[in-house]
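# Observations on the model geometry
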Amino acid sequence: MIARAQDGLLLAARLLLAAALLPTGIARALNVSGFALTLAGAGVPAPNAVATLAVVVQVFGPLALIVGVLPRITGVALAGFAGLTAMLLHAFWQFSGPAAAAERTLLLADLGLAGGFLIYALAGPGAWSWQGWRAGATGRPAAKPAAKPAAKGAPKASANANRPRRAKAA
């Protein structure tokens, strides 16, 4: 019962994390050139290439998160994306007054998302995911089978049984 609740909470967490990026990713995908202009205004080199790469990460990353495929790669990639965009787009130290406070809040929110993605990379997606479906009902990789005990009367294998033997010197 507890495992099912844990899997349900992991699914809810994946959906909430994806909801933080996917709508913006779709909006940026519909206007990549406008996003590239925003990046150019922030001084980002090669804004068209960066905008295209960001849109790919921001659309396909959350989809992989929802499905629960490649959690370590997805989590680390999305954490890096969130941290990098936080530093590039929310440079609060360049502002003063209320604008600085707003940018600092946005920077910390993006860094919080990065932390959530790292937790996902470490915890995994749970059984209610592609990875869990492939691993079986438990959502965990199958354990290696235990070694069979030797039959009665069979000679015991020594620790050196698998070592290559040296040829005797002449």
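Before going into details, it helps to say that this report is about the structure given with it. Owing to the predicted nature of the structure, the values given are computational and were not obtained by experimental measurement.

### Points about the overall build of the protein
A tally of regular secondary structure across the protein gives six helices and zero strands. Shown N-terminal to C-terminal, the secondary structure of the protein runs as helices and strands in the order α-α-α-α-α-α. By residue count, 29% of the 170 residues in the protein fall in the buried class. Put simply, of all contacts in the protein between residues at least 6 apart along the chain, 67% involve residues at least 24 apart. With an accessible surface of roughly 11800 Å², the protein has 68% of that area assigned to carbon and sulfur atoms.

### Description of the nonpolar core
Core analysis: the biggest nonpolar cluster contains 18 residues, and Leu 65 and Phe 117 have the highest contact counts within it. When contributions to this core are tallied by element, the ones reaching two or more residues are helix H1 (2–30), helix H2 (32–41), helix H3 (47–67), helix H4 (71–89) and helix H5 (98–123). Aside from chain neighbours lying at most four places away, what touches Leu 65 is Arg 14, Leu 17, Ala 18, Thr 74, Leu 78, Phe 117 and Tyr 120.

### A word on the packing of H3 against H4
Running from N to C, H3 and H4 cross one another at 140°; their axes reach a closest spacing of 10 Å. By the angle between their directions, the pair H3 and H4 is classed as oblique. Taken as a pair, H3 and H4 cross one another with a handedness that is left-handed. Here Ala 54, Val 57, Gln 58, Gly 61, Pro 62, Ala 64 and Leu 65 of H3 come into contact with H4, specifically with Thr 74, Leu 78 and Phe 81.

### Quick look at the side chain of His 90
Here His 90 is to be found in the loop between H4 and H5. One polar contact links His 90 to Glu 103, side chain to side chain, over a distance of 2.9 Å. Those residues in contact with His 90, other than ones at most four positions away along the chain, are Thr 85, Glu 103, Leu 106, Leu 107 and Asp 110.

### Points about the environment of Gly 83
Mapped onto the elements, Gly 83 comes out in helix H4. Taking C-alpha positions, Gly 83 is 9.5 Å from Leu 108, a pair spaced 25 residues apart along the chain. Discounting residues that sit within four places of it in the chain, Gly 83 has contacts with Leu 111 and Ala 114.

### Things to note about the packing of H4 against H5
Two elements in contact, H4 and H5, have axes whose closest approach is 7 Å; the angle formed by their N-to-C orientations is 170°. Judged by the angle between their axes, H4 and H5 are roughly antiparallel. Looking at the contact of H4 with H5, its residues break down into 16 nonpolar, four polar and three charged.

### A few points about unusual backbone geometry
Positive phi values are uncommon outside glycine, yet Ala 46 reaches one of about 50°. Position of Ala 46 relative to the elements: it lies in the loop between H2 and H3. Taking relative accessible area as the criterion, Ala 46 reaches 49% and is therefore assigned partly exposed. Located in the positive-phi region is Leu 70, a residue other than glycine, with phi close to 50°. Topologically, Leu 70 is positioned in the loop between H3 and H4.

Scoring rules and cut-offs
Residues numbered from 1 in each chain as written. Predicted model: local features only at pLDDT ≥ 70, side-chain atom pairs only at ≥ 80, totals over all residues. Heavy atoms only, no water. Helix = DSSP H or I, 4+ residues; strand = E, 2+ residues; numbered from the N terminus. Buried < 20%, exposed > 50% of the residue type's maximum accessible area, 1.4 Å probe, protein only. Contact = heavy atoms within 4.5 Å. Areas by Shrake-Rupley, 256 points an atom, 1.4 Å probe, with all protein chains shown as cover. Core = buried A, V, L, I, M, F, W, Y, C linked by side-chain atoms within 4.5 Å. Axes fitted to C-alpha atoms, helices over the stretch in contact; angles between N-to-C directions. Parallel < 35°, antiparallel > 145°, perpendicular 65-115°, else oblique. Left-handed = near helix turned anticlockwise from the far one by under 90°. Polar contact = N/O pair within 3.5 Å; in protein donor to acceptor, adjacent residues only side chain to side chain. Nonpolar A, V, L, I, M, F, W, Y, C, P; charged D, E, K, R; others polar.

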